[in-house]
Amino acid sequence: MIRIRSTALPAAVTVLLFVGACQDAPSSPRSRAEPAVVPAPDAQPSDVRTYSGRRADSVATAILATWARHGHPEYLAQRAASRKNLHLAPAAAARFVPASAPARVLDGDGSTGTYKDSPRIINHDEGFYFGSSSGGRSIQTLLNTSMSFVGDRGRIFANVTITGPGATIAQSETLADGAGDPLSCADIVFGNCGGSKFLEGSMVFSNAPYCDAHATGSATYTAQNTDLSLGSLVPLSPSGGSYSGLPATAVASINSNSPACSTQDNNGGTGVGTAGDGGDAPPLYPDPQPAPPAYPTAPVSFTCETVQWYYFGVLETEYQVCYAN
Amino acid sequence: MSHIQHYRRAVCALVATACFISVPVVARAQAASLATVALVRELPDSTARATIIRTAAQTLVLLRERDADAATLASAMVSLYRSREHPVQSRDKKLVINLHGQRPLASLRPEERKVADQQLARLRSARVATIDGLGAARVTTVALEARKSSPR
């Protein structure tokens, strides 16, 4: 029990006065939708942050929601459509799902061998969204990657170079590395989940060029089984001629062009590209060529919350959500 | 409700608390409009910057003693106000929010930072109490603005 000794009724009255003063005026207008991103003068030129797992999803959704409020709802709609059939197990349930255990089978010679499903990457997706800074809005540049895979662990590594007038930003980073979230798991009690999992990572750039710019690079996806008995990332030994521990890898190219710079909006362009498809048409350079634009100075920091609801002391629901600071 | 409104309420709460030197209150049974802010040695989630625990009877904001600053306190209060859009009405329910990341210190306006610094200083010199499961901690009580429905 926490007891806090007190003084004063006057203090409490003062508090009430302060609280009252802070109340919103009932008649004052309220902004219904404010940008998730606000300018921060202290943003560093090469500020890049990465987010993995459900935070990556939340951050990507937050940025695309900002785009939706500024005339491009199709980005968010496309993302929603591409994830329509993505059935992630609730986080609270996912934690009870055991890592895929090796199955013991009888070899032809009568001995038993230990096998796992070979790791494989079922599919992967990359989205590159140039940011924007014009008309009072500031939206960060986003690379969002995800994959569904079979294996004990997955890893997403991205290597991106963004080049634009007066600036080049190159970043290589692991966006996600872990067991992933189980997909379409119908039997979380016994872990008969088919072994497919989902992993996601986002890279957020603050001051990347966003008009007359070009992004190139690659995303490398890796799925791997591990030797659980050792509790580390040691591939399983070859067993029965099956090298189930060898990783599976997929590489996707990132190649995207931003729209041309515009002189009417502080040289800020807007646009989105799809990684791997060659991007949009090459930008048209105005004549005369504008001075290098002032790239976004938006902060890339997000505050992420892990929210847990307990019922009778048992974890009932857990989710993660991020908010732009 | 927007971030700015949450933030405004959080700052208002800090201002109010600056005057709220001490009030007779049993934290276990504190009203919903009060929150206990505590400086603890370690948070339940070692990777978190702050933890908010809400039950029907109590609201607890935990900050880690060694790295709590004005931005941490401000971020925690914003999260607390945001979370109040989800009332914890049943006595059997408990809401735990672990905060990862926070507002940049430089993003606080001077007056906001001043208030948060003052409140944090008050917290660092507050009396020590024992919190179940967490041990000794310095605690103060914060008055929260009444929860209002969001504009539609």
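Refer to the structure above for everything that follows.
Keep in mind that what you see is a predicted model, and the values were worked out from it rather than measured.

**Observations regarding the overall build of chain A**
Okay, step 1: Scanning chain A from N- to C-terminus turns up four helices and 16 strands.
Okay, step 2: Counting every position in chain A, which comprises 325 residues, the buried fraction comes to 48%.
Okay, step 3: Total accessible area on chain A is roughly 15,200 Å²; 55% of this is exposed by carbon and sulfur atoms.

**Some points on the state of the cysteines**
All names here are of chain A.
Okay, step 1: What the rule picks out here adds up to two disulfides over all chains.
Okay, step 2: Across a sulfur-sulfur distance of 2.1 Å, C211 and C261 are joined as a disulfide pair. Between C211 and C261, the S-S torsion sits near 85°, and that sign places the bridge as right-handed. In this pair, C211 sits in the loop between β12 (196-205) and β13 (214-224) while C261 sits in the loop between β14 (248-257) and β15 (302-311), placing the two residues 50 residues apart along the sequence.

**What to know about helix α2 (residues 70-83) of chain B**
Residue and element names in this part refer to chain B.
Okay, step 1: Given a rise of 1.5 Å per residue, 14 residues ought to cover 20 Å, and the 20 Å separating the end C-alpha atoms of α2 matches this to within 8%.
Okay, step 2: The element α2 is largely enclosed, with a buried count of 14 among its 14 residues.
Okay, step 3: The N-terminus of α2 is capped by D69, whose side-chain oxygen sits 3.1 Å from the backbone nitrogen of A71.

**Things to note about the nonpolar core**
Okay, step 1: Grouped together as the largest cluster of nonpolar side chains are 26 residues, with contacts concentrated most on F128(A), L143(A), V160(A), I162(A), F205(A) and Y221(A).
Okay, step 2: Elements with a contribution of two residues or more to this core: β5 (120-129), β8 (141-150), β9 (153-164), β10 (167-178), β12, β13 and β14 of chain A.
Okay, step 3: Core analysis: the next-biggest nonpolar cluster, separate from the first, contains 23 residues, A35(B), L63(B), L80(B) and L144(B) among them.

**Let's talk about the pattern of salt bridges**
All names here are of chain B.
Okay, step 1: Scanning the model with the defined rule gives 16 salt bridges over all chains in all.
Okay, step 2: When the shortest N-O distance is used, the salt bridge between E42 and R64 registers 3.9 Å. With E42 in the loop between β2 (34-40) and β3 (50-55) and R64 in strand β4 (residues 59-64), the pair connects residues that are 22 residues apart, well separated along the chain.
Okay, step 3: For E42, a relative accessible area of 39% corresponds to the partly exposed category.
Okay, step 4: Connected through shared salt-bridge partners, E42, R49, R64, R66 and D67 make up one network.

Rules used in this analysis
Residue positions are given per chain, counted from 1 along the sequence in the order it is written. In the order they appear in the text, chains get letters beginning with A and ligands get numbers beginning with 1. Per-residue local features are limited, in this predicted model, to residues with pLDDT of at least 70; the limit for side-chain atom pairs, both in listing and counting, is 80 or more; totals at the level of whole chains, interfaces and linings are taken over all residues. Hydrogens and water are ignored here; the side-chain numbers use all heavy atoms of the structure. What counts as a helix is a DSSP run of H or I of at least four residues, what counts as a strand is a run of E of at least two, and both are numbered from the N terminus. Accessibility here uses a 1.4 Å probe with only protein chains present; expressed as a share of the type maximum, an area under 20% marks a residue as buried, one over 50% as exposed, and anything in between as partly exposed. In these tables, accessible area is a Shrake-Rupley quantity obtained with a 1.4 Å probe, and a residue counts as shielded only by the protein chains included in the view. A pair of sulfur atoms, both from cysteines and within 2.5 Å, is called a disulfide here. Under the convention used throughout, the expected extent of a helix is 1.5 Å for every residue step, that is, one less than its residue count. Within 3.5 Å is the distance limit for a polar contact, defined as a pair of N or O atoms, with the added protein rule that one can donate a hydrogen and the other accept it, and that residues adjacent in sequence qualify only through two side-chain atoms. Buried residues of nine kinds, namely Ala, Val, Leu, Ile, Met, Phe, Trp, Tyr and Cys, make up a nonpolar core once their side-chain atoms join them within 4.5 Å. Any carboxyl oxygen of Asp or Glu within 4 Å of a side-chain nitrogen of Lys or Arg constitutes a salt bridge here.

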